[in-house]
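# Observations on the model geometry
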Amino acid sequence: MQGILYEESTIWLFLLVTVVMGGWMAWMIGRGIALGWKPYWQAVVSLLLLGFAVRFIHHALFEGMLLSPHYYVVDTIVLLIIGSLGYRATRARQMTTQYRWLYERSGPLSWRAKAGAQA
């Protein structure tokens, strides 16, 4: 996997910087945009920019390649997945608490109209 998913000498650096640190930032970006009732595309744009920040952390702390399209795409895909989960989980909670007479949870990331609810 080294060379495909991460460029560092060990996977632990990839997990620390991209998954833990970048993932926490991605979750908070997705959550923050959902809390502001903003559209999903704004989360995507913010997460694409976060991908550059994560690449910079790899470069500054661990001498990774700063302008590597391959590793930028890998990092950004991980961030998009985590950020999208944060956005969707927050939006599902919002819809079911703000409009509890219309919607109910149908899973951790989704909601459905209540039986007999008029939209």
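Everything quoted here is computed from the prediction, not taken from an experiment.

Turning to the packing of helix 1 (residues 11-35) against helix 3 (residues 69-98), a few remarks are in order. Two numbers describe how helix 1 lies on helix 3: the axes approach to 7 Å, and their chain directions differ by 35°. Read as a crossing pair, helix 1 and helix 3 show a hand that is right-handed. Residue classes in the contact of helix 1 with helix 3 are distributed as 14 nonpolar, 8 polar and 4 charged.

Let us now look at the pattern of salt bridges. With the rule as written, the count across this model stands at 2 salt bridges. We note a salt bridge from Asp-75 to Arg-55, for which the minimum N-O separation is 3.0 Å. Residue Asp-75 is found in helix 3, and its partner Arg-55 is found in helix 2 (residues 40-62); the two are separated by 20 residues along the sequence. Assigned by exposure class, Asp-75 and Arg-55 land together as buried.

The UniProt record marks residues 12-29, 41-58 and 70-90 with the feature "transmembrane region" (unreviewed entry), using the residue numbering of this structure. Structurally, residues 12-29 comprises 100% helix and 0% strand, and the distance from its first C-alpha atom to its last is 24 Å. The annotated region residues 70-90 carries 100% helix and 0% strand content, and the separation between its end C-alpha atoms amounts to 30 Å.

A word on the environment of Gly-64. The topology assignment puts Gly-64 in the loop between helix 2 and helix 3. The spatial distance from the C-alpha of Gly-64 to the C-alpha of Arg-105 is 43 Å, given a sequence separation of 41 residues. Sequence-distant contacts of Gly-64, defined by excluding residues within four places in its chain, comprise Glu-7, His-58 and His-59.

In this structure, strand 1 (residues 103-107) lies alongside strand 2 (residues 110-113), joined through 4 bridges in antiparallel fashion. Of the residues in strand 2, the one forming a bridge with Tyr-103 is Ala-113. Hairpin remark: strand 1 followed by strand 2, antiparallel, with 2 residues in the connecting loop.

Below, the discussion takes up the nonpolar core. It is characteristic of soluble globular proteins that their nonpolar side chains tend to be buried jointly. Residues Val-17, Ala-26, Leu-47, Leu-50, Val-54, Leu-79 and Ile-82 constitute the largest nonpolar core, which totals 7 residues. If you tally residues by element for this core, the top one is helix 2, at 3 residues. Not counting residues within four places of it along the chain, the set of residues in contact with Val-17 comprises Gly-22, Val-54, Ile-57, His-58 and Phe-62.

Procedures and definitions
Residues numbered from 1 in each chain as written. Predicted model: local features only at pLDDT ≥ 70, side-chain atom pairs only at ≥ 80, totals over all residues. Heavy atoms only, no water. Axes fitted to C-alpha atoms, helices over the stretch in contact; angles between N-to-C directions. Helix = DSSP H or I, 4+ residues; strand = E, 2+ residues; numbered from the N terminus. Left-handed = near helix turned anticlockwise from the far one by under 90°. Nonpolar A, V, L, I, M, F, W, Y, C, P; charged D, E, K, R; others polar. Salt bridge = Lys/Arg side-chain N within 4 Å of Asp/Glu carboxyl O. Buried < 20%, exposed > 50% of the residue type's maximum accessible area, 1.4 Å probe, protein only. UniProt positions renumbered as here; feature names shortened; annotations may be inferred. Contact = heavy atoms within 4.5 Å. Pairing = 2+ DSSP bridges. Core = buried A, V, L, I, M, F, W, Y, C linked by side-chain atoms within 4.5 Å.

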